[in-house]
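Chain residues, written in single-letter form:
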Amino acid sequence: MSNSDFVLAVEDLTVSFDGFKAIDNLTLYVDRGELRVIIGPNGAGKTTLLDLICGRTKSSGGSIKFKNQEMTELAEHAIVRAGIGRKFQTPSIYENLSVWKNLEVSFPRGRGVFGALAFKCTDDVKARIEEVAAEIGLADQLSREAGLLSHGQKQWLEIGMLLMQDPELLMLDEPIAGMSVRERELTAELLARIGKNRAMIVIEHDMDFVKKIAHKVTVMHQGKILAEGPMDKVQADPRVIDVYLGH
Ligand code: ADP
Ligand code: MG
């Protein structure tokens, strides 16, 4: 397999904050359609890695190729347009708008004032909203004010807002934090559903959840990759047990 077959190829990536290497010469490849989970102790650099991929943080060295195109020099909005969506830990939905409106405003449209003003809710957009609402399990909540949704439903809505752009790579940082057991089960099903059409990188701590969703697991420690592979193999790795799973 050549590097160009991967949806994401991160090579020799490094970022230093005041001389401290939060990401240290890291190399990681993600296949098209793969669901990769990243685990590791707090401070390992997991969130920083997503910050680098989505352009929020600029790297000190190395490369990030998405579908064979270099991303490290692009601005955040250009990376979104290239097809990378990223969900942060705290949901950022419009609480006073309906679920429908939240999805509608997330539909990609022409940039600039004219693009926004000329925007009409066409049949295409309506169809996409209904499709996404079904994918995230909120088809019967479309007219509801987003602020009235449960914590889990808010998280799903934010995933839906990202899906409106139909990203080829979707990155989620601790998506089930604060969710009930039932919401966690539904989220695992949701991720399997939306993963059919795209690659995903999910950062998560809950090992039962990781087992359910991961195709492959990457273990990070001190800005580096400590282990990588199928969940059962990674779980049995003494180095992983030592720095992470043993605690
Ligand atoms: P994780 O998500 O694995 O818990 P982070 O990526 O949030 O870890 O953090 C990795 C390390 O980098 C931590 O030591 C953190 O304090 C540091 N760090 C992250 N972002 C910055 C920043 N903008 N400036 C300085 N240090 C940072
Ligand atoms: Mg983090």
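That block above? That's the structure.
The numbering scheme is per chain: residues are counted from 1 as the chain's sequence reads. To label them, take the chains in the order written and letter them from A, then take the ligands in the order written and number them from 1. It should be noted that, the model being predicted, local features are given only for residues of pLDDT at least 70 and side-chain atom pairs only at 80 or more, the latter also being counted only at that level, while totals for whole chains, interfaces and linings use all residues. Neither water nor hydrogens contribute to the side-chain values; these are computed over all heavy atoms in the structure.

Chemist: I'm lost on the site of ligand 1 in this one. Help?
Modeler: For this purpose, a residue is taken to be near a molecule or strand whenever a single non-hydrogen atom of the residue falls within 4 Å of it. Neighbouring residues of ligand 1: Phe17, Phe20, Ala22, Pro41, Asn42, Gly43, Ala44, Gly45, Lys46, Thr47 and Thr48. We call two N or O atoms a polar contact when they sit within 3.5 Å, provided that within protein one can donate a hydrogen and the other can accept it, with sequence-adjacent residues counted only if both atoms are side-chain atoms. With respect to ligand 1, the side chain of Thr48 contributes an N or O atom lying 2.5 Å from an oxygen atom. Every accessible area reported is derived by Shrake-Rupley at a probe size of 1.4 Å, with residue values counting cover from the shown protein chains alone. With the chains in place, 57% of the 560 Å² that ligand 1 exposes on its own is no longer accessible. Helix and strand assignments come from DSSP, with helices taken as H or I runs of at least 4 residues and strands as E runs of at least 2, each series counted from the N terminus. For the shell around ligand 1, the secondary structure elements donating two or more residues are β2 (20–31) and α1 (46–53). By residue number, the principal contributor to the shell around ligand 1 is α1, which donates three residues.

Chemist: Would you mind going over the pairing of strand β3 (residues 35–39) with me for this structure?
Modeler: Sheet faces and side chains relate simply in a regular strand, where the side chains alternate between the two faces. Exposed residues in this analysis have more than 50% of their type's maximum accessible area, buried residues have under 20%, and partly exposed residues fall in between, with area computed by a 1.4 Å probe over protein chains only. Among the five residues that make up β3, five are buried, leaving the element largely enclosed by the rest of the structure. With burial as the criterion, each face of β3 is covered, one bearing Leu35, Val37 and Ile39 and the other bearing Arg36 and Ile38. We treat two strands as partners when DSSP finds at least two bridges between them. Of the strand pairs in this sheet, β3 and strand β8 (residues 199–203) are connected by four bridges, and their pairing is parallel. The residue of β8 that forms the bridge with Ile38 is Ile203. Relative to strand β9 (residues 216–221), β3 is paired through four bridges, and the arrangement is parallel. Its bridge partner lying in β9, Arg36 is registered against Lys216.

Chemist: Help me out: how do you make sense of the sheet that holds strand β1 (residues 6–17) in this one?
Modeler: What holds strands together in a sheet is hydrogen bonding between their backbones, with the strands either parallel or antiparallel. As summarised here, the arrangement of the four strands in space is β2-β1-β4-β5, forming an open sheet in which the pairing is antiparallel. Each of the sheet's edge strands pairs with one partner strand only, and the pair in question is β2 and β5 (69–70). Relative to β2, β1 is paired through eight bridges, and the arrangement is antiparallel. For Leu13, the partnering residue across the bridge sits in β2 and is Leu26. Any two residues whose heavy atoms approach within 4.5 Å are treated as being in contact. Every axis corresponds to a line fitted to the C-alpha atoms, with the helix fit spanning only the stretch in contact, and the corresponding angles, defined between N-to-C directions, vary from 0 to 180 degrees. Docked against the sheet, α1 engages β1, β2 and β4 (61–66), running at close to 115° with respect to β1.

Chemist: What exactly am I supposed to notice about empty space enclosed by the protein here?
Modeler: Taking a probe equal in size to a water molecule and rolling it over the atoms shows the remaining empty space. Definitions used for this entry: grid spacing 1 Å over protein atoms alone; cavity, a set of points where a 1.4 Å probe fits but cannot get out; pocket, an open set with protein on both sides within 12 Å along at least 5 of 7 lines; lining residue, one with an atom within 4 Å of a point. Grid points are joined across faces, edges and corners, and a volume is the space filled by probe spheres set on the points. Enumeration over the complete set of coordinates arrives at one cavity of 30 Å³ or more. When its volume is computed, the largest cavity comes out at roughly 60 Å³. Lining of the largest cavity is provided by Leu52, Ile53, Gly55, Thr57, Lys58, Ser59, Ile64, Met71, Thr72 and Ile79. Of the residues assigned to the lining of the largest cavity, the class counts are five nonpolar, four polar and one charged. Classification used: nonpolar for Ala, Val, Leu, Ile, Met, Phe, Trp, Tyr, Cys and Pro, charged for Asp, Glu, Lys and Arg, polar for all others including Gly.

Chemist: How should I be thinking about the pattern of salt bridges in this particular structure?
Modeler: Pairs can form between side chains of opposite charge whenever their charged atoms are close. A carboxyl oxygen of Asp or Glu within 4 Å of a side-chain nitrogen of Lys or Arg is what we treat as a salt bridge. Within this structure, the stated rule accounts for 16 salt bridges. Ionic pairing is found between Asp24 and Lys224, a salt bridge with its closest N-O pair at 2.9 Å. Taken together, the residues span a long stretch of sequence, with Asp24 in strand β2 and Lys224 in strand β10 (residues 224–229) at a distance of 200 residues. The partner of Asp173 in a salt bridge is Arg86, and the shortest N-O contact between them spans 3.9 Å.

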